[in-house]
Amino acid sequence: MNDFSYTQAATAKEATGILKDQPTAAYIAGGTTLLDMMKANLLEPPQLVDINSLPFKGIEQTKDGLRIGAMERMSAVGEHPLLVQQFPAVSQSLLLAASPQLRNMASIGGNILQRTRCGYFRDAAFPCNKRVPGSGCPAIAGDNHNLAILGVSESCIANSYPGDLSVALAAFDAVLTLENQKGKQRRVPITEFYLLPGKTPQKETVLEPGELIVAVTIPTATHAQRSTYLKVRERSSYAYALASAAVGLDVQGGTIRSARVALGGVGAQPWRSREAEKVLTGQPATEATFRAAATAALREAQPRSENGYKVELAQNTLVRALQQVAGA
Amino acid sequence: MPADLVTPTDAPQPEDNSRRSFLKLSGGIVGLALAPPLAAQAERLTAYSKTIEGATDLTLRINGQVRTVRAEPRVTLLDALRERLDLTGTKKGCDHGQCGACTVHIDGQRVNSCLTLAVMAQGKEITTIEGLAKGDELHPMQEAFLKHDGFQCGYCTPGQIMSGVACVKEGHAKTDDQAREWMSGNLCRCGAYANILAAVREVAGKA
């Protein structure tokens, strides 16, 4: 790990001000992604700005929905009664992620900004268009068994966000509150926060330089209350998703009134499937409907040499998640 | 290392790290008696907190004792414990937050000390495996690991025990399945899981 200086910022203005003067500095909250990557020499910031004292805290009911401060920890949020009651899928996405130790450390903002687990990105000895733009992508013809099949490009097939929380947030229309270096706040739906790789896989989000995540707000909805997050892994716990599904249904009299679907583990970004939702809405809550939705969700899949299994796996994961919610 | 890894854009890097060297020179009186070219920058700087550079004396509260360690900001709590404070009970396994061997408690919560900076653990209550026993009287979790033979080589054991103590306290060891799930951040390459589970469940039953 490189040497660096350390500053504990007392306010957002101070934190963003430091990054204005020192654009290569990095914010640190839980540190679980940042320090891990610094130990692998993938990041070498000359200064760390500790943002844990910033007042981006609290979990509270607002007129827009449940508002969660970006500095809250995964463990506290995952077991919070308001989240468990109103957004079971979001709660599950947090508690099925990482380990208890990491969940005690990792902040919500940091989770949303976690980086890909693509082995080529994480090994500085390899070319990688995301890490060194223009250097190439060995994953396309290499070890891609855990990489993405939706939204990928000829430059990058990484699942840029490998985690769980943002998948559930994408399903339920969560909105991020961001604060820039001028102290100005803006709201960005999480479905518009991540960028597809295209020809610029190094650009992963719409965050401006030095901009901070302040909070995430999830609008209350019937389909969010009746929801689940199903995660399929190579082992039963403490692993990234090969495929996952965050789904919510509002079923009345056997007919689906509204549906929300997002997939994890298979997309270049958390993969909201409006195609699947369209197939589900207005239809009977039966396995035939769920199968049709799963087919629609994976229609654009572009599997490579080793991740073709993900097409069927993601379809079956989605069908089972929908069955679980419909039967609930 | 390309700048785009550090910030999400192509923001230009300043020609020097003037703010840092400036802060270092001016210490606690930044903003006073400045040359005109620096005045605008100094206005922002006046509000800044102290920046720590290089080795400084860090004060850590470990197992109820106040300890001082001279270390750079990049020193992890794990390395401070093992290499500087002679508290080698906490183990270094993967050093990347994947194995749990380095588990300690900070303010009562289990964390990976390999991904915790010592400088950021100041002002908090740190408990390591050395802090569990009361003199010769072992903690009930330590007793249970002995009774159930919850180890083979023993390297993961301090982390398992620290995680087990927290797991029971959190109320996450009420069934075998729940305890397995909530102990999953601690790997055991010898495969002593069955006995580790028995130890954790026994202590949970008495809690």
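Residues numbered from 1 in each chain as written. Chains lettered and ligands numbered in written order. Predicted model: local features only at pLDDT ≥ 70, side-chain atom pairs only at ≥ 80, totals over all residues. Heavy atoms only, no water.

Identification of chain B as 2Fe-2S iron-sulfur cluster binding domain-containing protein from Hymenobacter ginkgonis is taken from an unreviewed UniProt entry.

Under an unreviewed UniProt entry, the name given to chain A is Xanthine dehydrogenase family protein subunit M, and the organism recorded is Hymenobacter ginkgonis.

All names here are of chain A. Here the structure, examined in full by the defined rule, presents two cavities of 30 Å³ or more. Lining the largest cavity are 14 residues; nearest its centre among them are Cys118, Cys128, Cys137, Cys156 and Ala158. Here the residues of the lining of the largest cavity sort into ten nonpolar, three polar and one charged. Every residue along the wall of the second largest cavity is listed here: Tyr161, Gly163, Val167, Leu263, Gly264, Gly265, Val266, Gly267, Gln269 and Pro270. (1 Å grid on protein atoms, 1.4 Å probe; cavity = no way out; pocket = protein on both sides within 12 Å on 5 of 7 lines; lining within 4 Å. Points joined across faces, edges and corners; volume = space filled by probe spheres on them. Nonpolar A, V, L, I, M, F, W, Y, C, P; charged D, E, K, R; others polar.)

All right, on to the pairing of strand β10 (residues 243–252) of chain A then. Residue and element names in this part refer to chain A. With nine of its ten residues buried, β10 lies for the most part within the structure. Two strands pair when backbone bridges link them, and strand β9 (residues 227–232) and β10 are joined in this way by six bridges, in the antiparallel orientation. The residue of β10 that forms the bridge with Ser227 is Gly248. Inspection of the sheet shows β10 paired to strand β11 (residues 255–264) by nine bridges, in the antiparallel sense. What sits directly across from Leu249, in β11, is Ala259. Two successive antiparallel strands, β10 and β11, enclose a turn made up of two residues, where Gly253 displays a positive phi of approximately 60°. (Buried < 20%, exposed > 50% of the residue type's maximum accessible area, 1.4 Å probe, protein only. Helix = DSSP H or I, 4+ residues; strand = E, 2+ residues; numbered from the N terminus. Pairing = 2+ DSSP bridges.)

A few words on the interface of chain A and chain B. With 62 residues of chain A at the interface, the matching set in chain B holds 56 residues. Here chain A packs against chain B, burying approximately 4,700 Å² in sum over the two surfaces, 55% of which is carbon and sulfur. For the interface between chain A and chain B, the tally reads two salt bridges. A:Asp3 is the partner of B:Arg74 in a salt bridge, and the nearest nitrogen-oxygen pair spans 4.0 Å. Along the contact surface separating chain A from chain B lie 15 residue pairs in polar contact (both at pLDDT 80 or more). When residues of the side of chain A that touches chain B are traced back to their parent elements, those giving at least two are β1 (5–8), α1 (12–21), α2 (34–39), β3 (47–50) and α6 (100–105) of chain A. The greatest single-element share of the side of chain A that touches chain B, amounting to six residues, is contributed by α6(A). For the side of chain A that touches chain B, the residue count by class is 26 nonpolar, 20 polar and 16 charged. In this structure, β1(A) lies alongside strand β1 (residues 51–52) of chain B, joined through two bridges in antiparallel fashion. (Contact = heavy atoms within 4.5 Å. Buried area = accessible area lost by both parts, 1.4 Å probe. Salt bridge = Lys/Arg side-chain N within 4 Å of Asp/Glu carboxyl O. Polar contact = N/O pair within 3.5 Å; in protein donor to acceptor, adjacent residues only side chain to side chain.)

Turning our eyes to something else, we now look at the packing of helix α5 (residues 157–170) of chain B against helix α7 (residues 193–206) of chain B. Residues and elements named next belong to chain B. Contact geometry of α5 with α7 gives a least axis separation of 10 Å together with a crossing angle of 35°. As for the relative orientation of α5 and α7, their crossing is right-handed in sense. Contact residues: α5 offers Gln160, Gly164 and Val168, while α7 offers Ile196, Val200, Val203 and Ala204. (Axes fitted to C-alpha atoms, helices over the stretch in contact; angles between N-to-C directions. Left-handed = near helix turned anticlockwise from the far one by under 90°.)

A few words now on the UniProt feature "domain: FAD-binding PCMH-type" (unreviewed entry) in chain A. In this numbering, the UniProt entry assigns the feature "domain: FAD-binding PCMH-type" (unreviewed entry) to residues 1–223 of chain A. Between the C-alpha atoms that bound residues 1–223 of chain A there is a distance of 46 Å. The span itself is 25% helix and 17% strand. (UniProt positions renumbered as here; feature names shortened; annotations may be inferred.)

Let us now look at the pattern of salt bridges. Pairing is possible between side chains of opposite charge, provided their charged atoms come close. Residues and elements named next belong to chain A. In the structure shown here, the tally under the stated rule is 25 salt bridges over all chains. Across the pair Glu211 and Arg186 runs a salt bridge whose closest N-O atoms are separated by 2.8 Å. Residue Glu211 is found in the loop between β7 (185–189) and β8 (212–218), and its partner Arg186 is found in strand β7; the two are separated by 25 residues along the sequence. On the basis of relative accessibility, which here comes to 4%, the residue Glu211 falls in the buried class.

In this structure, A:Ile112 and A:Phe193 are the most contacted members of the largest nonpolar core, which totals 55 residues. Counting only elements with at least two residues in this core, the list comes to α1, β5 (65–69), α3 (74–78), α5 (88–95), α7 (108–112), α8 (165–171), β6 (175–179) and β8 of chain A. The residues contacting A:Ile112, other than those within four sequence positions of it, are A:Tyr161, A:Leu165, A:Ser166, A:Leu169, A:Leu176, A:Ile190, A:Phe193, A:Tyr194 and A:Ile213. Residues A:Leu34, A:Met38, B:Leu60 and B:Val119 belong to the second largest nonpolar core, which totals 51 residues. (Core = buried A, V, L, I, M, F, W, Y, C linked by side-chain atoms within 4.5 Å.)

All names here are of chain B. In this structure the tally under the stated criterion is zero disulfides over all chains. Summary of cysteine pairing: Cys167 is not part of a disulfide, and the nearest cysteine sulfur, belonging to Cys156, is at 15 Å. Cys167 sits in the buried class, given a relative accessible area of 0%. (Disulfide = S-S within 2.5 Å.)

Summed over the entire model, instances satisfying the criterion amount to three aromatic pairs over all chains. Arranged with centres 5.0 Å apart and planes meeting at 85°, the rings of A:Tyr120 and A:Phe126 form a pair that is edge-to-face. Residue classification places A:Tyr120 among the buried residues on the basis of a relative accessible area of 14%. With centroids separated by 5.6 Å and ring planes inclined at 50°, the aromatic side chains of A:Tyr161 and A:Tyr194 adopt a geometry described as tilted. Linking A:Tyr161 in the loop between α7 and α8 with A:Tyr194 in the loop between β7 and β8, this pair joins segments that are 33 residues apart in sequence. Residue classification places A:Tyr161 among the buried positions, given a relative accessible area of 3%. A connected cluster of aromatic rings, assembled from ring pairs, spans A:Tyr161, A:Phe193 and A:Tyr194. Directly above the ring of B:Trp182 sits A:Arg103, whose terminal nitrogen or CZ lies 4.7 Å from the centroid. (Phe/Tyr/Trp six-rings, centres within 6.5 Å; stacked < 30°, edge-to-face > 60°. Lys NZ or Arg CZ within 6 Å of the ring centre and 35° of its normal.)

Let's shift gears to the sheet that holds β3(A). Strand order in the open sheet formed by four strands is β2(A)-β3(A)-β1(A)-β1(B), and the pairing between neighbours is mixed. On the outer flanks of this sheet lie β2 (26–28) of chain A together with β1 of chain B, each paired with one strand and no other. In terms of strand pairing, β1(A) meets β3(A) through four bridges, oriented parallel. Bridging across to β3(A), A:Ser5 finds its partner in A:Gln47.

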